[in-house]
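Residue-level structure breakdown
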Amino acid sequence: MDPDGTRPPRSPLATVISAHASLLETAGDAVRRAGRLDERLGDMAGVEVGQTPSEVVYRENKLELHRYEPVTETQHEVPILVVYALINRPYILDLQRDRSVVRRLLEAGHDVYLIDWQEPSRLDRSLGVHDYVDRYIDNCVDFVREESGRESINVLGYCMGGTLAAIYAALYPEKVNALGLLATGLYFDDTGGVLEEWGDADYYDPRSVTAAYGNVPGEFLDVGFALMDPVSNYLSKYVRLAERLENEDFVENFARMETWLGDSVDVAGTVYAEFLEDVYQRNALYENELTVDGEAVDVQNIDMPLLQIVGTYDHLVPPAASTPFNDVVGSDDVTTIEYPTGHVGLAMSRSTHSDVWPEVAEWFLDQTPHPGLADVIAEGVERILGVDIETDVTVGDAGEVEIAIATGEGTLAREVVPHDARAVEQFLEDVLDVDIGLDLGAEGIAVSVGTTDGVETTVVGNVGEALRAEVEEAIDEVDIAATYDLEDVSGIGPTYADRLRDAGIESPSALARAESRTVAEAARASERLASGWIADARELVGTDGTAQTE
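Residues numbered from 1 in each chain as written. Predicted model: local features only at pLDDT ≥ 70, side-chain atom pairs only at ≥ 80, totals over all residues. Heavy atoms only, no water.

Thoughts on the packing of helix α7 (residues 206-213) against helix α11 (residues 269-281)
So the rule is basically this: Geometry is summarised by axes, namely lines fitted to C-alpha atoms with helices restricted to the contacting stretch, and by angles between N-to-C directions that run from 0 to 180 degrees. Every helix listed is a DSSP run of H or I at least four residues long, and every strand listed is a run of E at least two residues long, numbered separately from the N terminus. Here the word oblique covers every angle except those under 35 degrees (roughly parallel), over 145 (roughly antiparallel) and from 65 to 115 (roughly perpendicular). Contacts are assigned to residue pairs with any non-hydrogen atoms lying within 4.5 Å of each other. Three classes are used: nonpolar for Ala, Val, Leu, Ile, Met, Phe, Trp, Tyr, Cys and Pro, charged for Asp, Glu, Lys and Arg, and polar for all others, with Gly counted as polar.
Interhelical geometry of α7 versus α11 gives an angle of 175 degrees and a closest axis separation of 9 Å. Taken together, the axes of α7 and α11 are roughly antiparallel relative to one another. Every residue of α11 that contacts α7 at P206, R207 and T210 is listed here: G269, Y272, A273, E274, L276, E277 and Q281. In the contact of α7 with α11, the residues fall into 4 nonpolar, 3 polar and 3 charged.

This is the structure:
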C-alpha cells in the first residue's frame, strides 16, 4: 500500500505471471481429475440400484407385483400398494439405501407392494386406460386385499401412476383406504407446465406417433423430457461431474441417476394416446367428464383421505397441475406436502428423505384404523363365541360406548356403558354368561373367554401403544379390584352380601357401577343405605368401577 492508502498499479509482468500461474493450477487440477476418469468410469459401470429385497408375488402379462421384505418386527395391518408410472423403471423409488422411498416406508413398519409394469410388446399396443385400471391395478389391489385380509388398502401413485391411481380410486372407492399422489398430473388448464404446452391439441396429435410406432418408444420420451431443459440435461450436469470426479459418492449417485434415465421402456400406444387426449388435452379428469370403458369416473367418489406430495420446482408436473384437484374430490380430509425440489428430487433427493418421507409414512400410519378398547374385547369375544357384537362410541355421553349383542335369532342386548375395560367386560359377561379376561402379548391383546366348556383365547392385533397402555392399566386395576369382597364395603355384612350375589352383584366393582334402586331391591334395604354402599364401593375400586391405584 502507498502512504495514502491506495494500491500501487500492478505491473503488466505481474499480471501475466499471475494469470499464467492460475492457468497452470487449473490445468493441473484438470490433469488430476482426468487421471481419475478411468477409475471413475469403472465405478459408474458397477453401481447397483433397486437393492431392497423383494419377491414377485403376482404376475399378469408383463406386469410383476413385488412384495418387499419387511425390516421391522411387526407391520401395520393396512398395506401400501405403490402404482408406478408407465414410463421408465420403478427403481427410482429404490435408487440406493439412503434414498429409497420403499425403504423409508418399510422402516416405518409398512407392508409394501409395488407394480412393475415391465415393457409392453408389440401385441400390447392396444392396451388402454381400461386395461391398466380395471384389469391390472384392480387385480393387484384384490391380490393385496386377499393377502392382508383387508377390505381396503392404501395406494400410493407416482407421476402417471398417480393419475391412474386417482382414476382407480374414483371407480373403486370401497377398495382404497387412503390415497397418496406423488408428483401427479391431475389438472391441465394454463398451469405453466411445459408438457401441457407441448401436449396442447393445437400442436400435438398423439395418434400420429402411435400410428407410426405402435407403442411409443422409450427413447422418444427420453429425448422429449431432456429437451425440456436442454442446457442442464446435455451440458451442465456433465460439467458438474467433471468438477467432482474426485468425489466418489457424487460420482456413484450420478451414475445411478444416469442408469435410471437411460433405462427407458416403451409405452403401450393406446394408453398413451388416451392419456394425452383425455387427461392432458381435454382436462377430463378434473372436469369430471372422463369415462373408462363407458363408465363415468366420478372424482366425487374419491372420498377417502387424500395426500398430495408436490415439488415447488417440478417443471414436469408443477404444483399448479396437481393441487387444484383437491377442490373437486369428494374427500374433506385432504393434505398437501409441498417441498422445494423437482420431479425426480421428490423421490431421491437426500433432503426429501430426511424431511418429507418420514412425514408421508406417518400420514399413512394415521389413516390405519386402530381399534378402541371396546372393539378389541368385542372382536375377541366374536371370534370365540361366534356372536355379533357392535360397538358405537357416537352414542351416549363422552366416555361411553353403546354395545349391541346379536345372534342369528336376533338382538340379545343393547346398552350404553362406560368406555372402560371392566364395564365392557361386565356387560358382555352378564349377557353371555361367560368370564372374560385381557392380557398383553407381543402380537397384540389376548382376549380369553371362559365358558362351561373351558377357556379359549385369541389375539387381536393392530393395536397402538396408547391402547396397549390402557389395557395394561385396566389389567392392573382389575387385579386390585379383585382383592376386595362385598364384605369390605362399609355396612355390608354376610346377609346383605349373599342377597347381592344372588342378584348378580358379586363384587365391589359391580356394586360401584350399579344403580341405587337396583341395589336396594336386591338387598331388600333402603335406597339411602344402598347409595352409601355404592359410594363406598367407588372409593375402593374407582368412581367408574375401576380400581384406585394411588
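Picking up after the structure, the text goes on.
Quick look at the sheet that holds strand β13 (residues 410-418)
Here is the rule: Strands are treated as partners if at least two bridges between them are detected by DSSP.
Ordered in space as β11-β12-β13, the 3 strands form an open sheet in which the pairing is antiparallel. At either margin of the open sheet sits one strand with a lone partner, and together these are β11 (388-392) and β13. Direction aside, the axes of adjacent strands within the sheet are offset by 15 degrees on average. Pairing geometry for β11 and strand β12 (residues 400-407), over 5 bridges, is antiparallel. Residue D388 lies in a different strand from β12, and its bridge partner there is A406. This element, helix α15 (residues 373-385), spans β11 and β12 of the sheet and lies at about 175 degrees to β11. Against the sheet, helix α16 (residues 421-432) makes contact with β11, β12 and β13, and its axis sits at roughly 155 degrees relative to β13, the strand it touches most.

Re unusual backbone geometry
To keep it simple, the criterion reads: Throughout this description, buried means an accessible area under 20% of the type-specific maximum (1.4 Å probe, protein chains only), exposed means over 50%, and partly exposed covers the range between.
At Q118, a residue that is not glycine, the phi angle is positive and equals roughly 60 degrees. Counting through the fold element by element, Q118 comes out in the loop between β4 (112-116) and α4 (129-148). For D433, which is not glycine, the phi dihedral falls at a positive 60 degrees. Summarising the element assignment, D433 is placed in the loop between α16 and β14 (435-441). The exposed category is assigned to D433, whose relative accessible area is 66%.

Some points on the packing of aromatic side chains
The condition that has to hold: The criterion for an aromatic pair is that two Phe, Tyr or Trp rings (for Trp, the six-membered ring) have centres within 6.5 Å, with stacked assigned to planes under 30 degrees apart, edge-to-face to planes over 60 apart and tilted to the rest.
Per the stated rule, a full pass over the model turns up 11 aromatic pairs. Between the aromatic rings of Y132 and Y136, the centroid separation amounts to 5.5 Å while the plane-to-plane angle is 75 degrees, which identifies the pairing as edge-to-face. Taken as a pair, Y132 and Y136 lie in helix α4 at a separation of 4 residues, close to a single helical turn. A relative accessible area of 6% places Y132 in the buried class. Their ring planes at 80 degrees and their centres at 5.0 Å tell us that W363 and F364 sit as a pair that is edge-to-face. The same class applies to W363 as to F364, namely buried. Members of the aromatic cluster, joined through ring pairs, are W117, Y132 and Y136.

Side note on the pattern of salt bridges
Our working rule: Each salt bridge in this description consists of a side-chain nitrogen of Lys or Arg and a carboxyl oxygen of Asp or Glu lying within 4 Å of one another.
All told, the structure shown has 19 salt bridges when counted by the stated rule. Residues R207 and E277 are paired through a salt bridge, measuring 2.9 Å at the closest nitrogen-oxygen approach. Of this pair, R207 sits in helix α7 while E277 sits in helix α11; the two residues are 70 residues apart in sequence, bridging distant segments of the chain. Note on R207: relative accessible area 38%, which makes it partly exposed.

Overview of the pairing of β4
One face of the sheet, then the other: side chains in a regular strand alternate in exactly this way. A large share of β4 lies buried, amounting to 5 of its 5 residues. Here β4 shows a buried face lined by V112, L114 and D116 and a second buried face lined by Y113 and I115. Sheet topology note: the strand β2 (residues 63-68)/β4 ladder contains 4 bridges and is antiparallel. From the neighbouring strand, R67 faces β4, where its bridge partner is Y113. Pairing of strand β3 (residues 80-83) with β4 involves 4 bridges; the strand directions are parallel. Across the sheet, the residue bridging to L81 is Y113, located in β4.

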